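# Observations on the model geometry
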Amino acid sequence: MAEPTLLQQGRRINFLKKLQSLCGVVPLGIFFCFHLVANYTLTWSIPAYDAFSHFLETMPYKDLLEIVVIFLPLLFHAIIGIYIVFTGSNNVSTYGYMRNWRYLFQRITGVIAFAFLVWHVIGLKWAVSLMPDGGSTFSILQTAVANPVALVAFIIGVYSCLYHFVNGLWTFCITWGITLTPRSQQITSYLCLALFVVGAFFVGQMIFCMVTG
Amino acid sequence: MATDSSRIIKMRIKRQDSPDAPSRWEDFEIPWKPNMNVVSVLMEIRAHPVLANGQTTTPVVWESVCLEEVCGACTMLINGVARQACSTLIDSLEQPIKLEPLTKFPLVRDLKVDRQKLFEHLKQVHAWIDIDGVFDLGPGPRMSQHKRDWAYELSKCMTCGCCFEACPNTKRADGPANFMGPAPLSQVRLFNAHPTGAMHAGVRLNAIMNDNGVSGCGNAQNCVRVCPKSIPLTTSIADMNRQTLKQSFKNALGSFGGK
């Protein structure tokens, strides 16, 4: 096969960036929402939370689904995302507009979210998968955030994911040519803010239950 | 007009004698006159190139052509923000007024930069309408007045470089990013909207589906805030996202409706 021309190489980056944007919503954004809803069982009771996580642990083709729907898209989203972070710059000190700050936060929270998720998967997911039958997922979670530093890191990590997802939805609508006009972008901005408030309340309630037990 | 000798304008200018020379700041104090703009102060300095401390210096080098904000040549950083020196009035600025060259273009001298790459981007995206052929193509189709009014807003772009300068995703002199910036993307929208220009719509769209094309936008939206002509740059970029998406389906699956 002939070497790809410069134009084709450029094409590939264009395509990968589009795919990165899509990945952030489907499947990652959808999974993130599902994850928050699953966590909500903690507000019912600890046994309900443990039962639901046991159900998820024992899903058919769980490993395959996790790899295809979560880990590969996440890794791809993160690698292209880090490329995007390092090819950009920030100039909020000169151009301190709200949207420019949001651009900067999208990149900061993206990097935090990735670091958090590496810790989250290694620290919690593996621990849960190594758990003996009849063990409590909640007790593993509680042990993981028993240290106040870990708890603060956990809270920053979850809220970074939430911001990154919600602001990413707003940019997704532009990147995929859905919202063109300033007015439509303003409306999706308000909708995303509302989603952030609802999500923040949801996460807050879950963290409160996690700490108080 | 009488000059008010009690008022002076304090100005700090970033000087650099050649592309490789070190830069330095020089302070000037110029007698105030009514209705001065940055260019007229620079002209005063050219007439009397003397620093605030009385030392003689070389005249400051800068570019300007039209003096009425339609050519874009005098674009520079005024108090840190990219704008035109001709249309920036002295009385609207905080002092000392800081003048610096644009940071995203190769420096020639003092406030003069080489903005050639803006022209290269226009060439890359086919920012013109083909009217020449091997035979007379005849008159083109007419445009409705409504569409002309709309297109006129986009046609106000003077390739001044403000949007390119304010964008966090365009290349600094030493940076890795390679984004062509908002202006050429908006030009694709303009020329694709023209009935004759639309015959080459696919050529222009394919030209912005590169590594320096539309996917280089990070949605910081500084461009639309700094554009001196109030061009709806973010709308143009989002529209190009939509049009290139359609074009990529055409490229991958074949065209729809014989186009």
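Rules used in this analysis
Residues numbered from 1 in each chain as written. Chains lettered and ligands numbered in written order. Predicted model: local features only at pLDDT ≥ 70, side-chain atom pairs only at ≥ 80, totals over all residues. Heavy atoms only, no water. Helix = DSSP H or I, 4+ residues; strand = E, 2+ residues; numbered from the N terminus. Buried < 20%, exposed > 50% of the residue type's maximum accessible area, 1.4 Å probe, protein only. Contact = heavy atoms within 4.5 Å. Lys, Arg positive; Asp, Glu negative; His and termini not counted. Charge placed at Lys NZ, Arg CZ, Asp CG, Glu CD. Axes fitted to C-alpha atoms, helices over the stretch in contact; angles between N-to-C directions. Parallel < 35°, antiparallel > 145°, perpendicular 65-115°, else oblique. Left-handed = near helix turned anticlockwise from the far one by under 90°. Nonpolar A, V, L, I, M, F, W, Y, C, P; charged D, E, K, R; others polar. Salt bridge = Lys/Arg side-chain N within 4 Å of Asp/Glu carboxyl O.

## Concerning the overall build of chain A
Counting its secondary structure elements, chain A contains 8 helices and 0 strands. When the helices and strands of chain A are placed in sequence order, the string is α-α-α-α-α-α-α-α. Seen through its C-alpha atoms, chain A measures out along the principal axes to roughly 55 × 50 × 30 Å. By the burial criterion, 42% of the 213 residues in chain A qualify as buried. Look at the contacts in chain A between residues 6 or more apart in sequence, and 74% of them connect residues 24 or more apart. Here chain A contributes 10 positive and 6 negative side-chain charges, whose respective centroids are spaced 25 Å apart.

## Side note on unusual backbone geometry
At the junction of A:Val26 and A:Pro27, the peptide bond is cis and its omega measures out at 5° in the coordinates. Note that A:Pro27 resides in the loop between helix H1 (6–25) and helix H2 (28–39). Residue B:Pro96 follows B:Gln95 across a cis peptide bond; omega there is 0°. You can see B:Pro96 is positioned in the loop between strand E4 (81–84) and strand E5 (97–100). In this model, A:Tyr61 sits at a positive phi of 55°, which is unusual for a non-glycine residue. Along the polypeptide, A:Tyr61 turns up in the loop between helix H3 (46–57) and helix H4 (62–87). Residue classification places A:Tyr61 among the exposed positions, given a relative accessible area of 67%. For B:Glu69, which is not glycine, the phi dihedral falls at a positive 55°. Position of B:Glu69 among the secondary structure elements: in the loop between helix H1 (38–47) and strand E3 (75–78).

## A closer look at the packing of helix H5 (residues 182–193) of chain B against helix H8 (residues 233–253) of chain B
Residues and elements named next belong to chain B. The N-to-C vectors of H5 and H8 enclose an angle of 65°; their axes lie 8 Å apart at closest approach. Relative to H8, the element H5 lies roughly perpendicular. Considering only the axes of H5 and H8, their crossing is left-handed. Across the interface between the two elements, Pro-182, Ala-183, Leu-185, Ser-186, Val-188 and Arg-189 from H5 touch Leu-233, Thr-235, Ser-236, Ile-237, Asp-239 and Met-240 from H8. Broken down by class, the residue content of the contact of H5 with H8 amounts to 7 nonpolar, 3 polar and 2 charged.

## Observations regarding the environment of B:Gln187
Residues and elements named next belong to chain B. Within the secondary structure, Gln-187 is located in helix H5. Placed 45 residues apart in sequence, Gln-187 and Pro-232 show a C-alpha to C-alpha distance of 11 Å. In this structure Gln-187 touches Leu-122, Ala-127, Leu-154 and Cys-157, once residues within four positions along its chain are discounted.

## Section: the pattern of salt bridges
All names here are of chain B. The full count for this structure, using the stated rule, is 14 salt bridges over all chains. Where Asp-110 meets Arg-15, a salt bridge forms, and the shortest distance between an N and an O atom there is 3.1 Å. Of this pair, Asp-110 sits in the loop between strand E6 (107–109) and strand E7 (112–113) while Arg-15 sits in strand E1 (residues 8–16), and the two are 95 residues apart along the sequence. Using a relative accessible area of 0% as the deciding quantity, one classes Arg-15 as buried. With a closest N to O distance of 3.4 Å, Arg-24 and Asp-17 form a salt bridge.

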